[in-house]
Amino acid sequence: MTEILVHDVAAGGVSIDTRVVDHPAWPELKNAVEEIRVWQSADGSIDFETENAPARADADTALDRIATAVERLSPLLPHAAAYHRALVADLRKWADGGYGVPDFLDSLMEFHPAAERVDGRQYLVVFPMYTQNGNPDRNLEAVVLRMVWPEWLSELEATRYDNPLFCGITFEDFTSGYDTNSAVLFPETVAVREAPERFTWGGIFCDREAARFRRVTEAAVDVLGVELPEDIKEMLGDQQRCQQAFVLWDMVHDRTHSHGDLPFDPFMIKQRQPFWMYGLEELRCDLTAFKEAVKLEAEGNRHGRDVQYAVLFDRMFRFPVTGDRVRNYDGLGGQLLFAYLHKHDVVRWTDNTLHIDWDRAPEVTNQLCAEIEKLYRDGIDRPKLVHWFAAYDLVSTYLAPHPGSHWAKGPDALDLSKPPRKLVDDVLPDEFPLSMFYEALSKKLKSVIASTKGITPADVERAAA
C-alpha cells in the first residue's frame, strides 16, 4: 500500500498516511457516536419525551463532539473532503431539526469511494444506517476502513470483470452496529429522505469474510475429518491470501447479478418471490465466480484455485448452519450445493469422515452452475409462476421438501386464482429443512459460528496464538 506523504497543520502535524484510528480525534468520535446510538429509536430519531431520554443539551454536546472530530480527521483524508463537509452539515441539520428521523442524503451523494479506487486508501464513514445481517435499526454508525485494490485485481476488473461500483474494503475500527455479522457497507442502508436514482458504490469487507471463513472451515475440517491438499492447508493459515480470494470472489459475484440470461430483475428488490428464488440467484452468482476461478487457474492465475475452495467450503460448511431456519436462502444454496455434489459422488460421508474427490469437484460444480443457468434461460419464455415451479423442481430434485409443504404437492394444492405474490404466503418458513448430516453438523459448529460475530483478522490470529 502506498500513500503520498503530505503534512497538514490542521491535522496536528501528521501525514495523510497516518492511520485515522491512531489520531486522538477517532476515539472521541467513536465514543460520542456510541452515546447517541443508545438514545435513538428504530427509525434513527431521538424522542426526548420518553422516560430514559437524554437532556437535549447532552445530545447537542455529543453531536458537536462528532462534528468536531470529523473536521479534525478530515485533513488526513483529502480525497473525501467534500463528503466530510456535507457530513458535518447533515449532522448540524439533524440537530437543528430536533433529532427527528435523520436524512443524510446530501452527504451520501458526496461519498464516492468507487470513483478512484486506490489500494490502502483510508475512509472515515459516518451515517445513520442499519447494518445488513447486523443491527436492523437506523442508528448512527462510524467506521474507518481501507480500500483493497491491488494491481492484479484492478487489471482483472478493467479487462475481464467490469464492475465500476465494487469496493473491496477492510475494517480499521467500527462502532457497535458492526460488532455483528455484518460484512457489507451499502448505500441502500443509509437513512435518507428519498432514494437516489442510482447508487455509485457498494463495499464488502473481505477481511471479515476471510476471518470467519478460516475459523469455520478449520473447525468443520476437524469435525468432519477432511483431508486437505497441502496448498489449501496453507491458504487457511494465511489471512492475506484468503482476503485476496474473497475480494476476487466478491467482485465476480457482484457483477453476475446483472449478467447472464436473466428472466427479470435479478436482485428481486421490487418483487416478492419464494425464498428459493433468492437462494438460486445467490448460488448462481457464487457458482459463476467458481466457474471463472477454474478458468483463471487454468491460465496460471494463482488466485483461481483459492477462490474455488473458498466458494466450496464457505457454501458447504458455513452457509447451511448459519442463521435461523426462516427463509434462509443462503443456507438453502449451501444445502443444494452439498446435496448435488453428494448425489454425483464428489463428496461422501463414510465412516464418520467426509471424503472429497478434489479432481472431479470443479467439473461437477460447474455442472450445477450450468443447470441453474439453463433454468434462467428457459425462464425468459415462462410465466412467473411456471418459472417458480420449475425452480422448485430443480431444488427438490436434490433436497427433500418439508412433508407439510403445499408447494411440494404441485399446482393443484394451491389456489391459482390468487396473484403469484399471494402464493408466496403458502411457502413454509423452512420449506427445505436441514438433512440429518447438517442437523448433526449444526450442533457441532454452533459455538464456532457464534464466535464469528464481529470477528476481525486480529481475533483469528489471537486464537491461533
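Residues numbered from 1 in each chain as written. Predicted model: local features only at pLDDT ≥ 70, side-chain atom pairs only at ≥ 80, totals over all residues. Heavy atoms only, no water.

**Observations concerning the overall build of the protein**
Basically, it comes down to this: What counts as a helix is a DSSP run of H or I of at least four residues, what counts as a strand is a run of E of at least two, and both are numbered from the N terminus. Our radius of gyration looks at C-alpha atoms and nothing else; its globule reference is 2.2 Å times the residue count to the power 0.38. Residue burial is assigned from relative accessible area. The probe radius is 1.4 Å, only protein chains are included, and a residue is buried under 20% of its type maximum, exposed over 50%, and partly exposed in between. In what follows, residue pairs with any heavy atoms lying within 4.5 Å of each other are defined as contacts. Every accessible area reported is derived by Shrake-Rupley at a probe size of 1.4 Å, with residue values counting cover from the shown protein chains alone. When charges are counted, neither His nor the chain ends are considered; positive counts come from Lys and Arg and negative counts from Asp and Glu. Charge placement uses NZ in Lys and CZ in Arg. For Asp and Glu, CG and CD serve respectively.
The helix and strand inventory of the protein stands at 16 helices and seven strands. Taken over the C-alpha trace, the protein has a radius of gyration of 24 Å; the compact-globule value for 465 residues is 23 Å, and the two agree within 12%. Reported as C-alpha extents along the three principal axes, the dimensions of the protein are approximately 65 × 55 × 40 Å. Across the 465 residues in the protein, those meeting the buried criterion constitute 53%. Look at the contacts in the protein between residues 6 or more apart in sequence, and 72% of them connect residues 24 or more apart. As displayed, the protein offers around 20500 Å² of accessible surface, 50% of which is attributable to carbon and sulfur atoms. Where the 50 positive side-chain charges of the protein centre and where its 76 negative ones centre are 3 Å apart.

**Concerning helix 5 (residues 151-159)**
Here is the rule we go by: Starting at the helix axis, one direction is taken to each C-beta atom, and the arc is that of these directions.
Those residues of helix 5 that fall on the buried side of the exposure criterion are Leu153, Leu156 and Glu157. The buried residues of helix 5 occupy one face: seen down the axis, they fall within an arc of 100°. In helix 5, those exposed residues whose orientation departs by more than 90 degrees from the buried face are Glu151, Ala158 and Thr159. Residues of helix 5 that are buried sit in contact with strand 2 (139-148), helix 8 (239-256) and helix 9 (275-298).

**A word on the confidence of the model for the protein**
Using the following cut-off: What pLDDT expresses is the predictor's confidence in each residue, scored from 0 to 100.
Of all residues in the protein, 94% have pLDDT values of 70 or greater, and the mean over the chain is 93. Confidence drops under a pLDDT of 50 for residues 1-14, and excluding neighbours within four residues, the segment shows 30 contacts in the predicted structure.

**Considerations on the pairing of strand 2**
Note the threshold: When DSSP locates at least two bridges between a pair of strands, those strands are taken to pair.
Counting buried positions along strand 2 yields 10 of 10 residues, so the element is predominantly enclosed. Burial of strand 2 is two-sided: the residues Asn139, Glu141, Val143, Leu145 and Met147 facing one way and the residues Leu140, Ala142, Val144, Arg146 and Val148 facing the other way are all buried. Strand direction decides the pairing type here: strand 1 (residues 122-129) and strand 2, joined by eight bridges, are antiparallel. The partner of glutamine 122 across the bridge, within strand 2, is arginine 146. Sheet topology places strand 2 next to strand 3 (residues 166-174); six bridges connect them, and they run antiparallel. Bridge pairing in strand 3 links valine 144 to aspartate 173.

**Quick notes on the nonpolar core**
Condition: Residues enter a nonpolar core if they are buried and are Ala, Val, Leu, Ile, Met, Phe, Trp, Tyr or Cys, with the set joined through side-chain atoms within 4.5 Å.
Counting residues in each nonpolar core, the largest one holds 143 residues, and the members touching the most others are Leu29, Phe313 and Trp407. Counting residues per element, this core draws most heavily on helix 9, at 10 residues. Apart from residues lying up to four places away in sequence, leucine 29 is in contact with Ile66, Ala69, Val70, Leu73, Leu124, Val126 and Ala142.

**Digging into the sheet that holds strand 4 (residues 184-185)**
Heads up, the rule is: Between N-to-C directions, angles cover 0 to 180 degrees, with each direction set by a line fitted to C-alpha atoms, over the stretch in contact for helices.
Sheet architecture is open: five strands sit in the order 1-2-3-5-4, paired in mixed fashion. Among the strands making up the open sheet, the edge pair consists of strand 1 and strand 4. Alignment of strand 3 against strand 5 (residues 202-205), held across four bridges, turns out to be parallel. Among the inter-strand pairings, glycine 168 is bridged to a residue of strand 5, identified as isoleucine 204. Those strands touched by helix 1 (residues 25-39) are strand 1, strand 2 and strand 3, and its axis lies near 140° from that of strand 2.

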